Amino acid sequence: MHGGTVAVVGGSIAGCAAALAAHRGGAAEVTVYERAAGRLADRGAGLAVHNDRYAELASAGYLDTGIPWLQLWRRRWYTRDGELPLGRPVGELPFPFRTYNWGPLWHGLRARMPETAVFRGDSLVRTVESSPDGATVLLEDGSAHHADLVVGADGYRSVVRGAAFPDVRPAYAGYLAWRGAFPAERLAALGPDPDDVWPVEDCVFAVFPGGHAVIYRIPDGTGGHRANWVLYAVPPPDTALGLVSPTSLPPGTLSEALHACFAQITAELLPPYWGGLLQLTRPEELFIQPMYDFTAPQYAAGRLLLAGDAATVARPHTGSGAVKALQDVTVLETAITAASTWSEVSAAYGAARGPVGVSMMELGRRLGEALVLGSPDWRTVGQAQLDALWAGAGAAAFGGRVLRGADGQRAAHGTVR
């Protein structure tokens, strides 16, 4: 099938990749509608891609070594033990992941969009309407734009999902993630040579009863590094007011209570070195990501398709958020390429990606229970117990599931395009 028009709602990582997928699948016209007026490259912090998933996405032509990355190999677990700077080593697990900075990754995907695709910033979509012969994107400015297919890549508060499945409501999981990233040069304030204490190839899990911090380096996009971290914990009840509805707290908007909770955890619950590392993040750099999870009952509804967080939000414990979004669009490309009608595209895409979304959401819940809500007494945990905990949480799919095409077979696109 060649020709036709595809509208993509959302110009983030999933949206840019979806536009590329639609073009490569054969769509004649592709338009991306992004609500933000400026560039998105400064948004977000760090993310990680499993080596095996990178190989699949590189083969499909969505990632390559031109986008800055760092290689990690192992995950070291520590828990507080008196005044031991690093804490007591709990154990190690393999961690064959590449780390990325959200901004350069977005920039690399934005640059891959074809010149014929239209990227419309400052275009807030009010709703979308599906019909037997296509779908219409309705903007806040009153204009209407018809397309043969609309892809919702507009995040966990998706307008497209709201139109397709208005009864789906993200559920607050009961805890938060404080997040931050800062130039690696600040690590010198901690004293020892950071590379001796914390090798570049290491990801650190600093664990405590009721939560943990994940710490790793990411590229800064200019040849240097940034220290990137995520801290999961249950906040005091009075600090979580208003978080039952999907929201986030960007840098500079945290309440005094949330700042105080962060200060208490880093000073009293984390090992001194790792708590001190997180404290190097300036208050205006801290942001909050409440934990939600949901999945749409289907990834396709008529001429409306869902991709990335618009379709499924799995807690970040899975290590697969950006990966699953990119996998979604590779399957979209395969579905468009193989189909003879737009209805066939929807059916093939929905059948291939819906079960993956369910499995990743369930994995996120299990890991959240094991590592936050029902975490063990880490004082008694060693390597054997750590291995058992990780296996018991069903973490075989950690980092994302094997990429399969719209026909259910493992994707094998061959060479980078």
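Residues numbered from 1 in each chain as written. Predicted model: local features only at pLDDT ≥ 70, side-chain atom pairs only at ≥ 80, totals over all residues. Heavy atoms only, no water.

Draft legend 1. Representation of the overall build of the protein in the model. Of regular secondary structure, the protein possesses ten helices and 18 strands. What you see for the protein is a C-alpha radius of gyration of 21 Å, in line with the 22 Å of a compact globule of 417 residues. Along the longest, intermediate and shortest principal axes, the C-alpha atoms of the protein span 65 × 45 × 40 Å. Excluding contacts between residues fewer than 6 apart, the proportion of contacts in the protein whose partners are at least 24 apart in sequence is 75%. In the form shown here, the protein has an accessible surface area of approximately 16,400 Å², with 53% of it arising from carbon and sulfur atoms. Considering the protein, the positive charge centre built from 34 side chains and the negative charge centre built from 40 side chains are found 2 Å apart. (Helix = DSSP H or I, 4+ residues; strand = E, 2+ residues; numbered from the N terminus. Rg over C-alpha atoms; globule rule 2.2 N^0.38 Å. Contact = heavy atoms within 4.5 Å. Areas by Shrake-Rupley, 256 points an atom, 1.4 Å probe, with all protein chains shown as cover. Lys, Arg positive; Asp, Glu negative; His and termini not counted. Charge placed at Lys NZ, Arg CZ, Asp CG, Glu CD.)

Draft legend 2. Representation of the side chain of Arg186. Structurally, the position occupied by Arg186 is in the loop between strand E11 (171-183) and helix H5 (194-197). Residue Arg186 is classed as buried on the basis of its relative accessible area of 16%. Here Leu280 takes part through its backbone oxygen, which lies 3.0 Å from a polar atom of the side chain of Arg186. Ignoring sequence-local partners within four residues, the contact set of Arg186 consists of Leu280, Thr281, Arg282 and Glu285. (Buried < 20%, exposed > 50% of the residue type's maximum accessible area, 1.4 Å probe, protein only. Polar contact = N/O pair within 3.5 Å; in protein donor to acceptor, adjacent residues only side chain to side chain.)

Draft legend 3. Structural detail: the packing of helix H6 (residues 256-268) against helix H7 (residues 272-279). It is at 7 Å that the axes of H6 and H7 come closest, and there the two elements cross at 150°. Here H6 is positioned roughly antiparallel relative to H7, judged by the angle of their axes. For the pair H6 and H7, contact is made by Phe262, Ala263, Thr266 and Ala267 and by Gly275, Leu278 and Gln279, respectively. Its residues placed into classes, the contact of H6 with H7 shows four nonpolar, three polar and no charged. (Axes fitted to C-alpha atoms, helices over the stretch in contact; angles between N-to-C directions. Parallel < 35°, antiparallel > 145°, perpendicular 65-115°, else oblique. Nonpolar A, V, L, I, M, F, W, Y, C, P; charged D, E, K, R; others polar.)

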